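Structural overview
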Amino acid sequence: MQPAAAPTERSTNIASTVVATMHQLGVLGLPRNYEIFYEALSGTNRELGLAVLSLSSRPTQDELDQIGRTFFAHNHGPGIVEYARDVIARELEEVASLLRSERSHIEKYGRILGETSSGLSNRSLLSQDLLQKIANAMTIATNSTIDHGRQVAATLSDKTAELESVKSKLEEYKRLADTDPLTQIWNRRAFDKEIARIYNSNKGILFNALVLVDIDRFKDINDRYGHPVGDKIIQIIAEIFQTSIRGDMFVARTGGEEFALIIEGASEDATYEIVERIRALVEQTPFTSSQTGMNYGTVTVSMGICMASEAEGPEDLYTKADRALYRSKVSGRNRVTRHSGMAGRAGKSWLLYKKD
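I will try to describe carefully the structure that is included in this document. The model shown is predicted, which means the values in this text are computed figures rather than measured ones. (Residues numbered from 1 in each chain as written. Predicted model: local features only at pLDDT ≥ 70, side-chain atom pairs only at ≥ 80, totals over all residues. Heavy atoms only, no water.)

**Digging into the overall build of the protein**
Scanning the protein for helices and strands turns up twelve helices and five strands. Buried positions account for 40% of the 356 residues belonging to the protein. When contacts within the protein are restricted to residue pairs at least 6 apart in sequence, long-range pairs at least 24 apart make up 67% of them. For the protein, the exposed surface amounts to about 20,200 Å²; the carbon and sulfur share of it is 52%. (Helix = DSSP H or I, 4+ residues; strand = E, 2+ residues; numbered from the N terminus. Buried < 20%, exposed > 50% of the residue type's maximum accessible area, 1.4 Å probe, protein only. Contact = heavy atoms within 4.5 Å. Areas by Shrake-Rupley, 256 points an atom, 1.4 Å probe, with all protein chains shown as cover.)

**Some thoughts on the packing of helix H2 (residues 31-42) against helix H4 (residues 61-71)**
Packing of H2 against H4 brings their axes to within 10 Å, and their N-to-C directions diverge by 65 degrees. Here H2 and H4 pass one another in a crossing that is left-handed. Where H2 abuts H4, its residues Arg32, Asn33, Ile36 and Phe37 lie against Gln61, Leu64, Asp65, Ile67 and Gly68. Here the contact of H2 with H4 is built from residues that sort into four nonpolar, three polar and two charged. (Axes fitted to C-alpha atoms, helices over the stretch in contact; angles between N-to-C directions. Left-handed = near helix turned anticlockwise from the far one by under 90°. Nonpolar A, V, L, I, M, F, W, Y, C, P; charged D, E, K, R; others polar.)

**Description of H2**
Taking 1.5 Å of rise per residue, the twelve residues of H2 would be expected to cover 16 Å, and the 16 Å separating its terminal C-alpha atoms lies within 8% of that figure. Turning to H2, its buried residues are Asn33, Ile36, Phe37, Ala40 and Ser42. In the stretch just after H2, glycine 43 is the one whose phi turns positive, near 80 degrees. (Expected span 1.5 Å × (residues − 1).)

**Comments concerning the environment of threonine 243**
Position of threonine 243 relative to the elements: it lies in helix H10 (residues 227-244). For threonine 243, a relative accessible area of 61% gives the class exposed. Put simply, threonine 243 and isoleucine 278 are 35 residues apart on the chain and 9.6 Å apart in space, counted from C-alpha to C-alpha. A polar contact is formed between the side chain of threonine 243 and the backbone oxygen of glutamate 239, at a distance of 2.9 Å. (Polar contact = N/O pair within 3.5 Å; in protein donor to acceptor, adjacent residues only side chain to side chain.)

**Re the sheet that holds strand S5 (residues 336-338)**
Consider a sheet: its strands pair through backbone hydrogen bonds, and that pairing is either parallel or antiparallel. Pairing is mixed in the open sheet, where five strands are placed in the order S2-S3-S1-S4-S5. The open sheet terminates on both sides in strands that have one partner only, identified here as strand S2 (250-253) and S5. The average angle at which neighbouring strand axes cross in this sheet is 15 degrees, direction not considered. Looking at chain direction, strand S1 (residues 208-215) and strand S4 (residues 301-307) are connected through seven bridges and run antiparallel. The partner of aspartate 214 across the bridge, within S4, is serine 302. This element, helix H11 (residues 268-284), spans S1, strand S3 (258-264), S4 and S5 of the sheet and lies at about 170 degrees to S4. (Pairing = 2+ DSSP bridges.)

**Regarding the packing of aromatic side chains**
Evaluation of the coordinates by the stated rule reveals five aromatic pairs. The interplanar angle of 5 degrees and the centroid separation of 6.1 Å between the aromatic rings of tryptophan 186 and phenylalanine 250 together place this pair among those described as stacked. Here phenylalanine 250 lies in strand S2 and tryptophan 186 lies in the loop between helix H6 (128-177) and helix H7 (188-198), a separation of 64 residues in the sequence. The ring of tyrosine 272 has arginine 338 lying over it, and the distance from NZ or CZ to the ring centre is 4.5 Å. (Phe/Tyr/Trp six-rings, centres within 6.5 Å; stacked < 30°, edge-to-face > 60°. Lys NZ or Arg CZ within 6 Å of the ring centre and 35° of its normal.)

**Brief notes about the packing of H2 against helix H3 (residues 46-53)**
Two numbers describe how H2 lies on H3: the axes approach to 8 Å, and their chain directions differ by 115 degrees. In this view, H2 runs roughly perpendicular relative to H3, as classed from their interaxial angle. As for how H2 packs across H3, the hand of that crossing is left-handed. Of the residues in H3, those in contact with Ile36, Phe37, Glu39 and Ala40 of H2 are Leu48, Gly49 and Val52. Taken together, the residues that form the contact of H2 with H3 break down as five nonpolar, one polar and one charged. (Parallel < 35°, antiparallel > 145°, perpendicular 65-115°, else oblique.)

Structure below.
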């Protein structure tokens, strides 16, 4: 097992490697670039590591920012939104110009029809030659109008596809903005919206439970083995949560080693059974390094449950679930506590993203 000083040395080595790698590749020393290479070289995000490996020997800033938008949307949100706004404004202006052109073309065609009709009505005798000339002129005008309409339709189709692409990018950004980059589950921002949604209907209040989770003695894990190991343990526990509940249930990482589950459609007893099973799974999971084989020992979690019907609103629900979690902590950790079975103390504020 590594000595206590090893994590600091390891972090220093990673930082030095990041700086050297960025210098070798000619990457600007921007904070957002450093974040990409630090996460990639620390080995905590495999997909990010593969994305960095696929870069050219002299990556451009645009290529790096594309990786940043994919894996760190929370740092690139303003740029993504500004890009989408510019594209939409440009495309709408071009669509408006096309429609103005089409209107002008149709008006011109209408004038030709009117003049032709007037000319025909004012002539008592029409020669075959004159009729042929009129027919030819009308054919040309009609074909021109049809061709122009087809061109406009094709261009509008292209513009629609481009706008759909922008819409898709914005939807992807929205998903990424609500996703925790380390675990790929929902983040605190998404949790704030989800817990507020519970109280939008009586059904939500009657059939929802909030479960708050905290990894026991997580600071000791980081201090002993280093943050990359701590991050890996967080990822494993997040995966246990995701695979242990129904797909329609909500799982979020709300802080460093803190998680929240919103379980819908279950009684308090059924919720307790679900949560107790998850707690036992975490305790029974071997936490070892696939590279070195080092065993990091047993990792446990403490949990607190509160039914939505026991609270007056989202903040009260969070506070009461937090009291239950606190009771699990002070009672020895590695256990589940129901708020309904205890008298609690004040918890912490839940809505980090609330707008005034």
